[in-house]
Amino acid sequence: MAQIVGAIATSHIPAIGKAIAEKKQNDPYWKPFFDGYDAALAWLKQAKPDVVVMIYNDHGLNFFLDKMPTFAVGAAAQYRSEDEGWGLPVLNSFPGDAALSWHLIEHLVADEFDIVSCQDMAVDHGFTVPMNLMFPDAGGKWPVKTVPISINTVQHPLPTPARCWKLGRAIGRAIESYPKDLRVVVFGTGGLSHQLDGTRAGFINKKFDLYCLDTIVRDPEALTKLSTIDLVREAGAQGVEFLNWIAMRGALLGNVTQIHRNYHIPISNTAGATLVLENRAAVQSQAA
Amino acid sequence: MQHHDIPGTIVYDGEQAQKGYALNAMCYSFNVAANRDEFKHDEDAYCTKYGLNDEQRAAIRERNVLKLLAAGGNVYYLAKFAGILNLNVQDIGAQQTGMSVEAFKEKLAAAGR
């Protein structure tokens, strides 16, 4: 059976992708941020994932306002990186796992999540920057298959934190019912607090971010009491990307341990953060 | 629709999305390099092609982010217009808050202390 071995949450700020392309990891501005990835990379290496299920949001590459799905699941053999209009390098395509995708789609719809399925999908920095960060030695040959799951954080009404938590639970159940022996790591990308638009642009809320980082590990259901407007107020207009983290955490059905976390202000206009969680099956094997 | 009390913050809802559809459609087209070139070649003709209204055209002409937002622009699509102008998110943050770019960067750094 497929097994979720853990989860990685990470910011997906486009500037990170540029810094990687320009090899700026040791610049004084970037070092405190990139140093936070060493422990995450070490964990990922021993976790040996076959598949990354990537919970992220599109920012106007694959989806436009003409058709804006609340939840969309990729079901393609590969996912294209494309020009986003402002100079982020285009990466090699990412291999999909269409069989796992359709298993997820079947189970999510049966579980009353009426998602949109996408057989043709370009993935933007919300997906590509975390892949680039977590597989720095891939050289364009990605060592895992991927399943993108996109949550609408662009156009209100957004799904509530409670709904994203439940989606995550359903994703977790779907993955764990997949008959193939696969090691799966769930990524949740974006955040933490930031706001790009309006006269409150530049808003960052360290206190709230630290609350979220603590709470998502030990008492994640407390986060489901927040409304989306609470998230806008406390995390900023774009800090609502924390919804992706909540869904990611929801997918961990076992006993969860924090392996690593890093938090650094600022990266571009954002509080940059990384969180690595290990997931152990709640029911221990009785084999003597 | 005023259904929140968060100063200086837009909740990008259906009202905004309807108002800004043409403007955002134009900015969405800037994902493609040939479209960016076509816009740069004749901005006015490109705005006509996408059916921008007078308010949206003026905001594009003035490169004014707050006016683009007021005209229904969504920041994720507007970012592609900012890309054409070689403006990053600190540049547009400074413009919207009336600060210098250096002061805006300092404000971001101060949030970590």
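Further up the page is the structure itself.
The text that follows walks through the structure, step by step, so that each part is easy to find.

Reading the values: the criteria
Residues numbered from 1 in each chain as written. Chains lettered and ligands numbered in written order. Predicted model: local features only at pLDDT ≥ 70, side-chain atom pairs only at ≥ 80, totals over all residues. Heavy atoms only, no water. Helix = DSSP H or I, 4+ residues; strand = E, 2+ residues; numbered from the N terminus. Buried < 20%, exposed > 50% of the residue type's maximum accessible area, 1.4 Å probe, protein only. Contact = heavy atoms within 4.5 Å. Areas by Shrake-Rupley, 256 points an atom, 1.4 Å probe, with all protein chains shown as cover. Lys, Arg positive; Asp, Glu negative; His and termini not counted. Charge placed at Lys NZ, Arg CZ, Asp CG, Glu CD. Axes fitted to C-alpha atoms, helices over the stretch in contact; angles between N-to-C directions. Parallel < 35°, antiparallel > 145°, perpendicular 65-115°, else oblique. Left-handed = near helix turned anticlockwise from the far one by under 90°. Nonpolar A, V, L, I, M, F, W, Y, C, P; charged D, E, K, R; others polar. Phe/Tyr/Trp six-rings, centres within 6.5 Å; stacked < 30°, edge-to-face > 60°. Lys NZ or Arg CZ within 6 Å of the ring centre and 35° of its normal. Polar contact = N/O pair within 3.5 Å; in protein donor to acceptor, adjacent residues only side chain to side chain. Buried area = accessible area lost by both parts, 1.4 Å probe. Salt bridge = Lys/Arg side-chain N within 4 Å of Asp/Glu carboxyl O. Core = buried A, V, L, I, M, F, W, Y, C linked by side-chain atoms within 4.5 Å.

Some words on the overall build of chain B
Here is step 1 of the chain: A count of helical and extended segments in chain B gives 9 helices and 0 strands.
Here is step 2 of the chain: Listing the helices and strands of chain B from first to last along the sequence gives α-α-α-α-α-α-α-α-α.
Here is step 3 of the chain: Dimensions along the principal axes, computed over C-alpha positions, put chain B at roughly 45 × 35 × 20 Å.
Here is step 4 of the chain: Sorting the 113 residues of chain B into buried and exposed places 47% on the buried side.
Here is step 5 of the chain: Taking the contacts inside chain B whose residues are at least 6 apart along the sequence as the reference set, 48% of them involve residues at least 24 apart.
Here is step 6 of the chain: Put simply, chain B shows about 5,300 Å² of open surface, and 52% of that area lies on carbon and sulfur atoms.
Here is step 7 of the chain: Positive and negative side-chain charges in chain B, numbering 12 and 14 respectively, have mean positions lying 4 Å apart.

Digging into the packing of helix H4 (residues 98-110) of chain A against helix H6 (residues 161-176) of chain A
All names here are of chain A.
Here is step 1 of the chain: The geometry of H4 relative to H6 is characterised by a closest axis approach of 9 Å and an angle of 125 degrees between their N-to-C directions. Classed by the angle they form, the pair H4 and H6 counts as oblique. Seen along the crossing, H4 lies across H6 with a hand that is right-handed. Residues His103, Leu104, His107 and Leu108 of H4 pack against Leu167, Ala170, Ile171, Ala174 and Ile175 of H6.
Here is step 2 of the chain: In terms of residue class, the contact of H4 with H6 is made up of 7 nonpolar, 2 polar and no charged.

Observations regarding the packing of aromatic side chains
For any pair of aromatic rings, the description rests on two quantities: the centre-to-centre distance and the angle between the ring planes.
Residue and element names in this part refer to chain A.
Here is step 1 of the chain: Enumeration over the complete set of coordinates arrives at 20 aromatic pairs over all chains.
Here is step 2 of the chain: Their ring planes at 25 degrees and their centres at 4.6 Å tell us that Phe94 and Trp142 sit as a pair that is stacked. Of this pair, Phe94 sits in strand E5 (residues 94-95) while Trp142 sits in the loop between helix H5 (125-134) and strand E8 (145-151), and the two are 48 residues apart along the sequence. The exposure classification of Phe94 matches that of Trp142, with both residues buried.
Here is step 3 of the chain: The ring centre of Phe203 lies 3.8 Å from the NZ or CZ of Arg200, which sits over that ring.

Describing the side chain of Asn74 of chain B
Here is step 1 of the chain: Looking at where Asn74 of chain B falls in the secondary structure, it is placed in the loop between helix H6 (65-70) and helix H7 (75-84).
Here is step 2 of the chain: Given a relative accessible area of 3%, Asn74 of chain B falls into the buried group.
Here is step 3 of the chain: A polar side-chain atom of Asn74 of chain B sits 3.4 Å from the main-chain carbonyl oxygen of Val154 of chain A.
Here is step 4 of the chain: With residues up to four places along the chain from it excluded, the contact list for Asn74 of chain B reads Val154 of chain A together with Tyr12 and Asn24 of chain B.

A few points about the interface of chain B and chain A
Here is step 1 of the chain: Listed as interface residues are 42 residues of chain B and, on the opposing side, 38 residues of chain A.
Here is step 2 of the chain: When chain B packs against chain A, close to 3,400 Å² is buried across both sides, 59% of that on carbon and sulfur atoms.
Here is step 3 of the chain: A per-residue breakdown of the area chain B buries against chain A is headed by Tyr76, Tyr77 and Leu108 of chain B, which together make up 19% of the total.
Here is step 4 of the chain: Arg36 of chain B serves as the salt-bridge partner of Asp83 of chain A, at 2.8 Å between the closest nitrogen and oxygen.
Here is step 5 of the chain: Inspection of the region where chain B meets chain A yields 21 residue pairs in polar contact (both at pLDDT 80 or more).
Here is step 6 of the chain: When residues of the side of chain B that touches chain A are traced back to their parent elements, those giving at least two are helix H1 (14-19), helix H2 (21-29), helix H3 (33-41), H6, H7, helix H8 (89-97) and helix H9 (101-110) of chain B.
Here is step 7 of the chain: Tallied by class, the residues present in the side of chain B that touches chain A amount to 23 nonpolar, 14 polar and 5 charged.

Here we look at unusual backbone geometry
Residue and element names in this part refer to chain A.
Here is step 1 of the chain: A cis amide bond links His156 to the next residue, Pro157, at an omega of 5 degrees.
Here is step 2 of the chain: With an omega of -5 degrees, the peptide bond running from Gly191 to Leu192 counts as cis.
Here is step 3 of the chain: When you line up the elements, Leu192 lands in the loop between strand E9 (183-189) and helix H7 (206-218).
Here is step 4 of the chain: Even without being glycine, Lys23 reaches a positive phi, approximately 55 degrees.
Here is step 5 of the chain: The exposure class of Lys23 is exposed, given its relative accessible area of 70%.

Things to note about the environment of Ala111 of chain B
Here is step 1 of the chain: Mapped onto the elements, Ala111 of chain B comes out in the segment after H9.
Here is step 2 of the chain: On a C-alpha basis, the gap between Ala111 of chain B and Ile10 of chain B in space is 21 Å, while along the polypeptide they are 101 residues apart.

Here's the deal with the environment of Arg200 of chain A
Here is step 1 of the chain: Secondary-structure assignment places Arg200 of chain A in the loop between E9 and H7.
Here is step 2 of the chain: Taking the relative accessible area as the measure of exposure, Arg200 of chain A reaches 15% and is therefore buried.
Here is step 3 of the chain: Between the C-alpha atom of Arg200 of chain A and that of Gly236 of chain A, which follows or precedes it by 36 residues, the distance is 8.5 Å.
Here is step 4 of the chain: Apart from residues lying up to four places away in sequence, Arg200 of chain A is in contact with Gln195, Val232, Arg233, Gly236 and Ala237 of chain A together with Ile6, Pro7, Gly8 and Thr9 of chain B.

Observations concerning the packing of H2 of chain B against H7 of chain B
Residue and element names in this part refer to chain B.
Here is step 1 of the chain: Look at H2 against H7: their axes get within 8 Å of each other, and the N-to-C directions meet at 50 degrees. In terms of their interaxial angle, H2 and H7 are classed as oblique. Judged by the sense of rotation from one axis to the other, the crossing of H2 with H7 is left-handed. For the pair H2 and H7, contact is made by Leu23, Asn24, Cys27 and Tyr28 and by Tyr77, Leu78, Lys80 and Phe81, respectively.
Here is step 2 of the chain: Residue composition of the contact of H2 with H7, grouped by class: 6 nonpolar, 1 polar and 1 charged.

A word on the nonpolar core
Taken as a class, soluble globular proteins show a tendency for nonpolar side chains to be buried jointly.
All names here are of chain A.
Here is step 1 of the chain: With 65 residues, the main nonpolar core has Ile171, Ile175, Val186, Phe242 and Trp245 as its most contacted residues.
Here is step 2 of the chain: Examining the composition of this core, we find that 7 residues originate from one element, H6, more than from any other.
Here is step 3 of the chain: If we skip the residues at most four places from it in the chain, Val186 touches Ile4, Gly6, Ala7, Ile8, Val53, Ile55, Ile175, Met248 and Ala251.
Here is step 4 of the chain: One finds Ile13, Phe33, Met131 and Ile267 within the second-largest nonpolar core, a separate group that totals 40 residues.

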